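Remarks on the overall topology
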Amino acid sequence: MSAAATGRDAGAPRVGLFVTCLVDAMKPSVGFASIRLLEAAGCEVVVPEGQTCCGQPGLNAGDSDTARRLARQVLEQFEDCDYVVVPSGSCAATLSHNAPELFPGDGGERARVEALAARTYELTDFLVNVMHFEDVASRFTGTVTYHDSCSGLRTLGVREQPRALLGRIEGVTLVEMTDATRCCGFGGTFSIKYGDIATRMANDKCVDATATGADTIAAGDLGCLMNVEGRLRRRGDLSTRVLHVAEILAWQ
């Protein structure tokens, strides 16, 4: 949906940044990097103050009532935006794919949620496929290996988009893991319910990533990054950088 389609003057699309709980609580730099990228791509960025959670933990735990209540809050906060952009594949998938299913039937509320879902995007997907953003002015230098988060890859089809953007940074060399698409073991509540399995999966991911010789591990989901970095540090690796792709793309 364009700015003109919402009744506004033609010009920059009004993009609502859905910050995500983890970014807000653990690494706000990802949110600020996302804003810089969206503005560089020509967007008017708004960050609704009343936003909270996308409802994913409730969905994972089978608490549909809480997830539905949060979906309504997202609708209230973002409905007047041309697009909703999320620096997280899992949260973007929740809003774009799962939220409408919380409203069965053909009522007006479901139609509104579906309309918002249709204009909700993961950050790199939006930059590449909606804004056709190419002017990456990052000053980052290093060898990067990219981990594909499960929801971003399997639900949203996000794979080439972050790599295309990283490939536009002059100082970056991108090297692939043997299996970049293998889950890191976080999986939301999975890592809580099945801690031993999740730990082994995170360990396998660390082995795969460090075998590339990259000095930086990147991903588009902070949950994956926190899981991988935590395991790296426990293995004694204190030097490999673990960064959200937005941080690298907006590196000053």
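Residues numbered from 1 in each chain as written. Predicted model: local features only at pLDDT ≥ 70, side-chain atom pairs only at ≥ 80, totals over all residues. Heavy atoms only, no water.

1. Focus: the sheet that holds strand E4 (residues 120–122)
Test applied: Here, strands pair whenever DSSP counts at least two bridges between them. Put simply, DSSP H or I for four residues or longer makes a helix, DSSP E for two residues or longer makes a strand, and each gets a number counted from the N terminus. Note on geometry: axes are C-alpha line fits, over the in-contact stretch for helices, and angles between N-to-C directions span 0 to 180 degrees.
If you trace the 4 strands from one edge of the open sheet to the other, you get E2-E1-E3-E4, paired in parallel fashion. Each of the sheet's edge strands pairs with one partner strand only, and the pair in question is strand E2 (44–46) and E4. This sheet shows a mean twist of 30° between the axes of neighbouring strands, independent of strand direction. Pairing of strand E1 (residues 14–17) with E2 involves 3 bridges; the strand directions are parallel. Pairing of Gly 16 across the sheet is with Val 46, part of E2.

2. Here we look at the pairing of strand E5 (residues 142–146)
So the rule is basically this: Partly exposed residues are those whose accessible area sits between 20% and 50% of the maximum for their type, while under 20% is buried and over 50% is exposed, using a 1.4 Å probe and protein chains only.
Buried residues dominate E5, accounting for 4 of its 5 residues. Alignment of E5 against strand E6 (residues 172–174), held across 3 bridges, turns out to be parallel. Within E6, the residue paired with Thr 143 across the bridge is Thr 173. Here E5 pairs with strand E7 (residues 216–219) via 3 bridges, running parallel. Looking at the pairing, Thr 145 lines up with Ile 217 of E7.

3. What about the confidence of the model for the protein?
Just so we agree on the cut-off: Confidence of the predictor at the level of single residues is captured by pLDDT, which takes values from 0 to 100. The contact rule is simple, with two residues in contact once any of their heavy atoms fall within 4.5 Å.
When pLDDT is averaged across the protein, the result is 94; 96% of the residues are at 70 or more. Across residues 1–9 the pLDDT falls below 50, and counting only partners more than four positions away or on other chains, this stretch makes 15 contacts in the model.

4. Some thoughts on the packing of helix H4 (residues 64–78) against helix H6 (residues 108–118)
How we decide: Working definition: roughly parallel below 35 degrees, roughly antiparallel above 145 degrees, roughly perpendicular at 65 to 115 degrees, and oblique for all remaining angles. Helix crossings are classified by the rotation of the near helix relative to the far one: an anticlockwise turn of less than a right angle makes the crossing left-handed, while a clockwise turn makes it right-handed. Under this grouping Gly is polar, as are all residues other than the nonpolar Ala, Val, Leu, Ile, Met, Phe, Trp, Tyr, Cys and Pro and the charged Asp, Glu, Lys and Arg.
One way to put it is that H4 packs onto H6 with a least axis distance of 10 Å and a crossing angle of 65°. Taken together, H4 and H6 sit at an angle that is classed as roughly perpendicular. Where H4 crosses over H6, the two elements pack in a sense that is left-handed. Each of Arg 72, Val 74, Leu 75 and Phe 78 in H4 lies in contact with H6, whose residues at this interface are Glu 109, Arg 112, Val 113 and Leu 116. A class-by-class count of the residues in the contact of H4 with H6 yields 5 nonpolar, no polar and 3 charged.

5. Observations regarding unusual backbone geometry
Of note, the phi angle at Thr 20 is positive, near 85°, even though the residue is not glycine. Within the element layout of this structure, Thr 20 appears in the loop between E1 and helix H1 (21–26). Taking relative accessible area as the criterion, Thr 20 reaches 6% and is therefore assigned buried. One non-glycine residue with positive phi stands out, namely His 132, at about 50°. Positionally, His 132 belongs in the loop between helix H7 (123–129) and E5. Its relative accessible area of 56% is what places His 132 among the exposed residues.

6. Some words on the packing of aromatic side chains
Spelled out, the test is: For Phe, Tyr and Trp, rings pair up if their centres lie within 6.5 Å, where Trp contributes its six-membered ring, and each pair is then called stacked (planes under 30 degrees apart), edge-to-face (over 60) or tilted (otherwise).
Applying the stated criterion across every chain, the model contains 6 aromatic pairs. Where Phe 140 meets Trp 251, the ring centres are 5.0 Å apart and the plane angle is 90°; that geometry is what we call edge-to-face. Of the two residues, Phe 140 sits in the loop between H7 and E5 while Trp 251 sits in the segment after helix H13 (245–249), which places them 111 residues apart along the sequence. Residue Phe 140 is classed as buried on the basis of its relative accessible area, which comes to 1%. Look at Trp 251 and you get partly exposed, because its relative accessible area is 31%. Of the aromatic side chains, those joined through ring pairs into one cluster are Tyr 83, Tyr 121 and Phe 126.

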